[in-house]
Number of protein chains: 2
Amino acid sequence: MTIHAEQEEPVLSDTARDRALAEELFAALRAKTGDGIGITRASYGEGESAALDIVAAKARALGLKTERDAGANLVVTLEGREPDLPFLACGSHLDSVRQGGNFDGAAGVVAGLAVLAGFRADGVAPRRTLKLYALRGEESARFGMAYMGSNALFGHLTPADLEARDARSGRTLAACMRDVGVAVERVAKGEPLLDAKRVGAWIELHIEQGPVLVARGLPIGIVTGIRGNLRHRSVECVGEAGHSGAVPRWLRRDAVFATAELITHLDRHWRTMLERGRDVVVTSGVFGTDPQEHAIARIPGIVRFSFEVRSQSKETLEAFYDLFLTECGLIGDERGVEFKLDRRIESAPATMDAEWTRRMKKAARGLGLPDEDIPSGAGHDAAVFANAGIPSAMIFVRNEQGSHNPREAMDMDDFLAGVAVMRAALKEAEQ
Amino acid sequence: MTIHAEQEEPVLSDTARDRALAEELFAALRAKTGDGIGITRASYGEGESAALDIVAAKARALGLKTERDAGANLVVTLEGREPDLPFLACGSHLDSVRQGGNFDGAAGVVAGLAVLAGFRADGVAPRRTLKLYALRGEESARFGMAYMGSNALFGHLTPADLEARDARSGRTLAACMRDVGVAVERVAKGEPLLDAKRVGAWIELHIEQGPVLVARGLPIGIVTGIRGNLRHRSVECVGEAGHSGAVPRWLRRDAVFATAELITHLDRHWRTMLERGRDVVVTSGVFGTDPQEHAIARIPGIVRFSFEVRSQSKETLEAFYDLFLTECGLIGDERGVEFKLDRRIESAPATMDAEWTRRMKKAARGLGLPDEDIPSGAGHDAAVFANAGIPSAMIFVRNEQGSHNPREAMDMDDFLAGVAVMRAALKEAEQ
């Protein structure tokens, strides 16, 4: 059991029914797609298809209509009172990394099914039609790119993307998509498989992949935005190699000392921006002297490092990037080194819809749950929906030990709290 | 021509004779041991033996007595007026790295021969016997350890050292030593081949392997000491890996940011110590995240780096090492990382003899040359002689582009200035 922050016990309706459904589905998914260590549901592969089948069968058993769309995703429908209006979509993905956890992705699909099934059982007829999407192809593990399922829906996959190959089988994404029934010819033409104007909202519940909710003692968080990023895969700091004993400080052009100072200055800027309330994280995940020429007794002439800044705000990303360039210039001048940048790579942030976020928070408060903001540092299908112009919202559920590993640990009580918030927000919107 | 600092043109006696000898010998060495790119005189190998032969033949032609000692080094003798007194030794080494330069080592041997030959030609009879040593086996390039020739003289090579192998031929140091006539059985027993009490001084001229004399516009420098060092081959900073987007600053245990801060703090301490007049250089030549697990989007959980501090002063080495330990502890606590140290490796500094250093400086001033101090950051045979209790002194000659490469560039005028200082200092001592 996760230790909760002290608070009143929340009053959750439908909890017992949700718990039974969730326990049954998670157990079935684990039994079918377990690999002995974790679970494996390869994107556009066997485990993913099996997971879709498990959820579809359960949905039909609960009296809901199921179909596969042109992207071979599972779509579960609860017809609304005014079916000509744009429908409300919820869901997440059912694929996983190899030897991953059972909840990354699946939690959002199970949550959506619990909400639709609950409405169906209680005879609640929403104004707009509700659709649950169990998406394929969100994880980048198999084909080196993420959000293939949602990107295919909006016509964003290129022919080059479709030629990406699974390193293990050597098969292309196009071939694997075709196997499971995707309309690959339409995808290849960039034709949208789903008309964004027909979608009134996208609501996604997902486990948190970071440690914030655990550290803050919160069962859930309402996502305010999905961080974008600016990256350089490899910045080269070029100084001058030399004998470590024979060159004094004033004649050195040491690439390690220069880059260490750069990182330390970026750390100070980061701290200042946080103090001023900006959302930002900075990482240099790959960093090293050149194995071809480095030695203990040699002043390092070259360091190569990756640079990544992430923020929910485009302005903050650019502001930090400006500081980065300035520091490269100043430290370069000061220390006689040059920072050579490779191509800048960008990924746009996605903002969650203000109205839906407000509704989620109100629902949480109404249930006696905390309504705290949390940014999403990792990417999600919700970013693709949001950037397609669809009002989107996300609920994060507390999860220990990160994701993409078999040790991910979501407490069922936390999950049920997230489902309750989702249900209440949809009810408020659809009365 | 190197640009000299503005000063009166020095008055050098014997310059023309020294120049002719030096040009002849350097040309002969280059012709015999050139490899097409640089020069190669492998330790206890063919090129080294050829170089010894060239110098021996020239010494005999100049009327000097030559022999090989039990270490197979060339010894050239000019008998003194009181031959029972401890003799004065000068010289350097004749081996080189592969594709190295012609002056690293050889300059000191040629300088010694010029002094002995000059005395012989002018009928100068010193009080004490003068011996020139053309040493073998100074470079670590072939067998992975340096100063084999001088260490063998003082009984410092171990049986394990003798089993070190040349990576190219696979042959042991012992076998290669035996080939050229070293009394390997005595070396293996740790028996000194030279009685340190018989040696009154060791005087070595060497090209500077760093850029200080070039940068300061000085043709020569008088070495005050040879830096020792404290090292860790690999310090491991252990933090925690995590998703670069999903973990906020306050929950990070980023090994790159922690180690960057450590290096930056060490840099500040270094600057402070220099401002307070300490001799110290600090280097982290090998630095990197773990290629097995690093990624652009992953907070680095591990960094491994080498640490090296060098100083002429044992006290300064230990003081800096204390600061290093303190910073590891403070930054470790602050950032939730741990710095794990491997075995500490030490090399003792060597102090040059005060009386001989004074004599060198006086000689330089008498010749209209600058008499500036310079520390030796690189190791030299002189450190082995000094730590064997023999009063030792070194003259550095300005040299561009470092050593251990074919581009090393010593100006003949600078070399002749060094020879003149050596001669004048020996004259003063032996009158």
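Just so you know, these numbers come straight off a predicted model, no measurement behind them. (Residues numbered from 1 in each chain as written. Chains lettered and ligands numbered in written order. Predicted model: local features only at pLDDT ≥ 70, side-chain atom pairs only at ≥ 80, totals over all residues. Heavy atoms only, no water.)

**Here's the deal with the overall build of chain A**
Check the secondary structure of chain A and you find 13 helices and 17 strands. Since a compact globule built from 431 residues should have a radius of gyration of about 22 Å, the 24 Å found for chain A is in line with a globular shape. Approximately 16600 Å² of chain A is accessible, and the part contributed by carbon and sulfur atoms is 49%. In chain A, 53 positive and 62 negative side-chain charges are present, and the distance between their average locations comes to 2 Å. (Helix = DSSP H or I, 4+ residues; strand = E, 2+ residues; numbered from the N terminus. Rg over C-alpha atoms; globule rule 2.2 N^0.38 Å. Areas by Shrake-Rupley, 256 points an atom, 1.4 Å probe, with all protein chains shown as cover. Lys, Arg positive; Asp, Glu negative; His and termini not counted. Charge placed at Lys NZ, Arg CZ, Asp CG, Glu CD.)

**Considering the side chain of Arg142 of chain B**
Residue and element names in this part refer to chain B. Its location among the elements puts Arg142 in the loop between strand E4 (130–135) and helix H4 (148–153). In this structure the side chain of Arg142 is engaged in a polar contact, spanning 3.3 Å, whose partner is the backbone oxygen of Tyr44. Within the structure, the side chain of Arg142 is placed 3.1 Å from the side chain of Asp166, a separation counted as a polar contact. Contacts of Arg142, omitting those with residues within four sequence positions, involve Ala42, Ser43, Tyr44, Gly45, Arg165, Asp166, Ala167, Ser169 and Cys176. (Polar contact = N/O pair within 3.5 Å; in protein donor to acceptor, adjacent residues only side chain to side chain. Contact = heavy atoms within 4.5 Å.)

**Observations concerning the packing of helix H1 (residues 15–33) of chain B against helix H2 (residues 46–61) of chain B**
Residue and element names in this part refer to chain B. It is the contact of H1 with H2, at a shortest axis distance of 10 Å, that shows an interaxial angle of 150°. Classed by the angle they form, the pair H1 and H2 counts as roughly antiparallel. Judged by the twist between their axes, the crossing of H1 over H2 is right-handed. Across the interface between the two elements, Leu21, Glu24, Leu25, Ala28, Leu29, Lys32 and Thr33 of H1 pack against Gly47, Ala50, Ala51, Ile54, Val55 and Lys58 of H2. (Axes fitted to C-alpha atoms, helices over the stretch in contact; angles between N-to-C directions. Parallel < 35°, antiparallel > 145°, perpendicular 65-115°, else oblique. Left-handed = near helix turned anticlockwise from the far one by under 90°.)

**Concerning the interface of chain A and chain B**
Taken residue by residue, the interface counts 52 residues in chain A and 52 residues in chain B. The largest contributions to the chain A side of the interface with chain B come from Arg249, Phe257 and Ile296 of chain A, which together make up 17% of the buried area. Taken together, the connections running from chain A to chain B amount to four salt bridges. The partner of Arg335 of chain A in a salt bridge is Asp267 of chain B, and the shortest N-O contact between them spans 2.4 Å. Inspection of the chain A/chain B interface yields 19 residue pairs in polar contact (both at pLDDT 80 or more). A breakdown of the residues in the side of chain A that touches chain B according to their chemical character gives 24 nonpolar, 14 polar and 14 charged. (Buried area = accessible area lost by both parts, 1.4 Å probe. Salt bridge = Lys/Arg side-chain N within 4 Å of Asp/Glu carboxyl O. Nonpolar A, V, L, I, M, F, W, Y, C, P; charged D, E, K, R; others polar.)

**What about the packing of aromatic side chains?**
All names here are of chain A. A full pass over the atoms with the stated rule returns 27 aromatic pairs over all chains. Aromatic pair Phe287 and Phe305: ring centres 6.0 Å apart, planes at 35°, arrangement tilted. On the criterion of sequence distance, the pair formed by Phe287 in strand E10 (residues 287–289) and Phe305 in strand E12 (residues 302–311) is long-range, its members being 18 residues apart. Its end group placed over the ring of Phe87, Lys131 keeps NZ or CZ at 5.3 Å from the ring centre. (Phe/Tyr/Trp six-rings, centres within 6.5 Å; stacked < 30°, edge-to-face > 60°. Lys NZ or Arg CZ within 6 Å of the ring centre and 35° of its normal.)

**A look at the pattern of salt bridges**
For the structure on display, the rule yields 74 salt bridges over all chains. The closest approach of N and O atoms between Glu261 of chain B and Arg335 of chain B, which form a salt bridge, is 2.6 Å. A residue pair is termed long-range when its members are at least 10 positions apart, and Glu261 of chain B in helix H9 (residues 255–275) and Arg335 of chain B in helix H10 (residues 314–335) qualify at 74 residues. The buried category is assigned to Arg335 of chain B, whose relative accessible area is 17%. Overlapping salt bridges bring together Asp14, Arg17, Asp18, Asp122 and Arg423 of chain A as one network. (Buried < 20%, exposed > 50% of the residue type's maximum accessible area, 1.4 Å probe, protein only.)

**Things to note about the relation of the copies chain A and chain B**
At an RMSD of 0.1 Å, chain A and chain B line up after a rotation of 180° and a shift of 0.1 Å along the axis. Such a combination of rotation and displacement between the chain copies is what one expects of a two-fold axis. Take the interface residues of chain A: 100% of them recur as interface residues in chain B, which is what a same-surface contact looks like. (Least-squares fit on C-alpha atoms with pLDDT ≥ 70 in both.)

**Focus: the pairing of strand E6 (residues 220–226) of chain A**
Residue and element names in this part refer to chain A. Buried residues dominate E6, accounting for six of its seven residues. In the sheet, E6 pairs with strand E17 (residues 392–397) via four bridges, with the strands oriented antiparallel. From the neighbouring strand, Ile222 faces E17, where its bridge partner is Ile395. Pairing between E6 and strand E16 (residues 373–376): three bridges, direction parallel. Bridged to Ile226 within E16 is Ser376. Relative to strand E15 (residues 350–351), E6 is paired through two bridges, and the arrangement is antiparallel. (Pairing = 2+ DSSP bridges.)

**Quick word on H9 of chain B**
Between its terminal C-alpha atoms H9 of chain B stretches 30 Å, which fits the 30 Å expected from 21 residues at 1.5 Å a residue. Looking one or two residues past H9 of chain B, Gly277 of chain B carries a phi angle of roughly 85°, positive in sign. (Expected span 1.5 Å × (residues − 1).)

**With respect to the environment of Leu205 of chain A**
Checked against the element boundaries, Leu205 of chain A lands in strand E5 (residues 199–207). Leu205 of chain A sits 192 residues away from Val397 of chain A along the chain, and the two C-alpha atoms are 7.4 Å apart.

**A word on the domain arrangement of chain A**
Here the domain parsing of chain A yields domain 1 (2–226 + 350–429) and domain 2 (229–347). A C-alpha centroid distance of 38 Å is found between domain 1 of chain A and domain 2 of chain A. (Domains from an automatic or database assignment.)

**Structural notes on helix H2 (residues 46–61) of chain A**
All names here are of chain A. Its 16 residues give H2 an end-to-end C-alpha distance of 23 Å, which sits within 8% of 22 Å, the value for a rise of 1.5 Å per residue. Those residues of H2 that sit buried are Gly47, Glu48, Ser49, Ala50, Ala51, Leu52, Ile54, Val55, Ala56, Lys58 and Ala59. Two residues or fewer after H2 comes Gly63, characterised by a positive phi angle close to 85°.

**Observations concerning unusual backbone geometry**
Outside of glycine, negative phi angles account for most residues, and trans bonds account for most peptide bonds. Phi is positive for His404 of chain A, close to 65°, though the residue is something other than glycine. A positive phi is found at Gln99 of chain B, a non-glycine position, where the angle reads about 55°. Inspection of the secondary structure assignment puts Gln99 of chain B in the loop between strand E3 (87–93) and helix H3 (106–122).

**What about the confidence of the model for chain A?**
All names here are of chain A. Of the residues in chain A, 97% reach a pLDDT of 70 or more, and the chain-wide mean stands at 94. Note on residues 1–12: pLDDT under 50 across the span, and 23 contacts to partners over four residues away in sequence or across chains. With a pTM of 0.83, the predicted complex shows an ipTM of 0.82. (pLDDT = per-residue confidence, 0-100.)

**Observations regarding the pairing of E5 of chain A**
Residues and elements named next belong to chain A. Along E5, nine of the nine residues are buried, which leaves the element largely enclosed by surrounding structure. Across four bridges, strand E3 (residues 87–93) lies against E5 in parallel orientation. Directly across from Ala89, in E5, lies its bridge partner Trp202.

**Things to note about the state of the cysteines**
Residue and element names in this part refer to chain A. Under the definition given, this model contains zero disulfides over all chains. In this structure Cys237 is not part of a disulfide, and its nearest cysteine sulfur, from Cys328, lies 8.5 Å away. Owing to a relative accessible area of 9%, Cys328 belongs among the buried residues under this scheme. (Disulfide = S-S within 2.5 Å.)

**Considering the packing of helix H3 (residues 106–122) of chain A against helix H13 (residues 412–430) of chain A**
Residues and elements named next belong to chain A. Interhelical geometry of H3 versus H13 gives an angle of 50° and a closest axis separation of 10 Å. Between H3 and H13, the crossing angle belongs to the class labelled oblique. Relative to H13, the crossing made by H3 is right-handed. Contacts between H3 and H13 involve Ala107, Val110, Ala111, Gly112, Ala114, Val115, Gly118 and Phe119 on the former and, on the latter, Phe415, Val419, Met422, Arg423, Leu426 and Lys427.

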